[in-house]
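Below are the chains, spelled out letter by letter.
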Amino acid sequence: MLISAGESSRILAPQGVSRQEPRRAPLSGLARRAPIDQLLAASPGGVLVVRLGPGSEPEDDWPWTRRVEAYRRQPEIALVAWLQVQAHLRVYERLACVVTVRGYPVLLADLVSFVPAAAGQVELGLERPGDWSRLLHDHRLVTSPGPSWLLLGAEPYLGRAARAGDRGEPVNAGRSTTWSRWA
């Protein structure tokens, strides 16, 4: 069951717990976090994380199929991200997909297709999750702030840059080694 920090404050107030303490608990690490390295090892194609805003939580009694129906259509993403997901689906045929609200998984599934839908939406082709999903049981998937779509563990496609790297030319300007040389 998921409750908001405000709700937990109201529940714990009669026990003498200050209003701010329940809000600090997730930030302090008291909530169990998923072992990201194990999750990525179990999902070689990467993990697509769809981050939804507060108020998007499903009811506790919703079965998996109802959750899929509720979350399978999402706002479309930037073209580059869409192409990256498509490329990974083509290579790996399926990706782990985790739909979260405030870092709490509300739907775990295998993504098998990712196609444009009506009016600025994308439709997620979802199937029952693989063995990787057990790693998220009773865990949060904590990610840094950012866009509502995130592909974890996926290396970007280098295209021609791979051949340039083979010739010894510098590629991937975002590498930390590149940044450290400029500093």
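What comes next concerns the included structure. (Residues numbered from 1 in each chain as written. Predicted model: local features only at pLDDT ≥ 70, side-chain atom pairs only at ≥ 80, totals over all residues. Heavy atoms only, no water.)

### Concerning the packing of aromatic side chains
Then, number 1: Per the counting criterion, the structure on display carries one aromatic pair.
Then, number 2: Where F114 meets W149, the ring centres are 5.6 Å apart and the plane angle is 90 degrees; that geometry is what we call edge-to-face. One end of the pair, F114, is in strand β4 (residues 104–116); the other, W149, is in strand β6 (residues 149–152), with 35 residues separating them in the sequence. Judged on exposure class, the residue F114 and its partner W149 are both buried.
Then, number 3: Across the ring face of Y104, the terminal group of R140 is positioned such that the distance to the ring centre comes to 4.8 Å. (Phe/Tyr/Trp six-rings, centres within 6.5 Å; stacked < 30°, edge-to-face > 60°. Helix = DSSP H or I, 4+ residues; strand = E, 2+ residues; numbered from the N terminus. Buried < 20%, exposed > 50% of the residue type's maximum accessible area, 1.4 Å probe, protein only. Lys NZ or Arg CZ within 6 Å of the ring centre and 35° of its normal.)

### Focus: helix α5 (residues 79–92)
Then, number 1: Counted at 1.5 Å a residue, the expected span for α5 with its 14 residues is 20 Å, and the 20 Å between its end C-alpha atoms agrees.
Then, number 2: Of all the positions in α5, only V85, H88 and L89 are classed as buried. For α5, the buried positions fall inside an angular range of 100 degrees around the axis, keeping them on one side. Across from the buried face of α5, at angles greater than 90 degrees, the exposed residues are L79, V80, R90 and V91. (Expected span 1.5 Å × (residues − 1). Arc of directions from axis to C-beta.)

Everything listed here is a matter of coordinates, which is why it stays silent on function.
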